[in-house]
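A look at the structure
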Amino acid sequence: MRKPFIAGNWKMNTNNAEAVALVSGLVEQLGEIATVDVAVCVPFVYLRAVADTLSSSNIALGAQDVFYEDNGAFTGEISCRMLKDACCTYVIIGHSERRHIIGETDELINRKLHTAISGGLLPILCVGELLEQRQADETNEIVTGQIKKGLEGIDAEKILAVTVAYEPVWAIGTGLTATARQAQEVHAMIRSLLGEMYGRDTAEQIRIQYGGSAKPANTAELMANPDVDGLLVGGASLKVEDFSAMIRTVA
Ligand code: PEP
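Basis of the calculations
- Residues numbered from 1 in each chain as written.
- Predicted model: local features only at pLDDT ≥ 70, side-chain atom pairs only at ≥ 80, totals over all residues.
- Heavy atoms only, no water.
- Near = heavy atom within 4 Å.
- Polar contact = N/O pair within 3.5 Å; in protein donor to acceptor, adjacent residues only side chain to side chain.
- Areas by Shrake-Rupley, 256 points an atom, 1.4 Å probe, with all protein chains shown as cover.
- Nonpolar A, V, L, I, M, F, W, Y, C, P; charged D, E, K, R; others polar.
- Helix = DSSP H or I, 4+ residues; strand = E, 2+ residues; numbered from the N terminus.
- Contact = heavy atoms within 4.5 Å.
- Salt bridge = Lys/Arg side-chain N within 4 Å of Asp/Glu carboxyl O.
- Buried < 20%, exposed > 50% of the residue type's maximum accessible area, 1.4 Å probe, protein only.
- Axes fitted to C-alpha atoms, helices over the stretch in contact; angles between N-to-C directions.
- Parallel < 35°, antiparallel > 145°, perpendicular 65-115°, else oblique.
- Left-handed = near helix turned anticlockwise from the far one by under 90°.
- Pairing = 2+ DSSP bridges.

Concerning the site of the ligand
Surveying the vicinity of the ligand reveals 14 residues, the closest of which are K11, E167, G173, S213 and G234. A distance of 2.8 Å is found between an oxygen atom of the ligand and a backbone nitrogen or oxygen belonging to G234. Isolated, the ligand exposes 290 Å² of accessible area, and the fraction of that covered by the protein chains is 96%. Tallied by class, the residues present in the shell around the ligand amount to 4 nonpolar, 8 polar and 2 charged.

Shown next as structure tokens:
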């Protein structure tokens, strides 16, 4: 049985005071939620302040990216060790905004994933197709490629540290959501692919989140799918009421 996992991706939003107010609000609204794993993935510079605010809560902290080296001459980058030092448990890797705006490749994403796992972070590997790829019926091919390349060299023992987030790029921040059926189709395809790569029993334990304009109004419908194990939430995670309503729906 996979425990649902809801993560908020704040992207490049909030200031220090807003970040603290947002998590304080979540702690107040949610108390000790036991039936859902919850995380907030926060801009690097607010991690410490948010960690302090979350210290007596079971909401976990995550970052939105990590570099693949431990330390050294890599101006502007943040290492796994630094994220652990700032109390992170999770890290998003390969978000579509990093793939398509910053230009991250599957090879780079794979390196980051290896480093995150060996450094003790739990990565959320994002995959998903562009609108034109869906329209050209290439969704399965694109997502399969991203998963195979992203997870290259990750063995069956390590894969259990990974959450996969299926995020159709055309649904991110656009207000367009994949229908529950579209989400389930791709999630089932991903699970079957993970089964081929790691064996069925292992694939059954891997959590697959959906992301793309998830909000309180579509949470129940999305989460009713057998292969949708959670949500990666952008815009709605910036509002205490919305994000906590989604978590309560799942709980
Ligand atoms: C995301 O940033 O991963 C995301 C899904 O954003 P939104 O919920 O705003 O579409």
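Let's pick the thread back up.
Describing the environment of P43
Secondary-structure assignment places P43 in the loop between β2 (37-41) and α2 (47-53). In this structure, the C-alpha to C-alpha distance between P43 and Q64, residues 21 residues apart in sequence, is 6.9 Å. Setting aside residues up to four positions removed in sequence, P43 forms contacts with W10, K11, N13 and Q64.

Some details on the pattern of salt bridges
Pairing between side chains of opposite charge can happen when their charged atoms approach one another. Tallying each qualifying case throughout the model produces 17 salt bridges. E129 is the partner of R134 in a salt bridge, and the nearest nitrogen-oxygen pair spans 2.7 Å. Between R191 and D229 there is a salt bridge; the shortest N-O distance is 2.7 Å. Taken together, the positions of R191 in helix α8 (residues 180-198) and D229 in the loop between α10 (216-223) and β8 (230-233) put the pair 38 residues apart, joining distant regions of the chain. Taking relative accessible area as the criterion, D229 reaches 6% and is therefore assigned buried.

Section: the packing of α10 against helix α11 (residues 240-250)
Packing of α10 against α11 leaves a shortest axis separation of 9 Å and a crossing angle of 25°. Here α10 is positioned roughly parallel relative to α11, judged by the angle of their axes. The two elements α10 and α11 cross, and the hand of that crossing is right-handed. Side by side, α10 and α11 meet where P216, T219, A220 and M223 of the first sit next to D242, A245, M246, T249 and V250 of the second. A class-by-class count of the residues in the contact of α10 with α11 yields 6 nonpolar, 2 polar and 1 charged.

Some words on the sheet that holds strand β4 (residues 90-93)
Read once around its circumference, the closed barrel built from 8 strands follows the order β1-β2-β3-β4-β5-β6-β7-β8, with strand pairing classed as parallel. Each strand of the sheet is rotated relative to its neighbour by a mean of 25°, with strand direction disregarded. Direction of pairing for strand β6 (residues 163-166) relative to strand β7 (residues 208-211): parallel, over a ladder of 3 bridges. Within the sheet, the bridge partner assigned to A165 lies in β7 and is Q209.

Details of the environment of G8
Note on placement: G8 falls in strand β1 (residues 5-9). What makes G8 buried here is its relative accessible area of 0%. Separated by 226 residues in sequence, G8 and G234 have C-alpha atoms that sit 5.9 Å apart. The contact partners of G8, leaving out residues within four places of it in the chain, are A39, V40, C41, V233, S237 and F243.

Function cannot be inferred from these measures alone, as they are strictly geometric.
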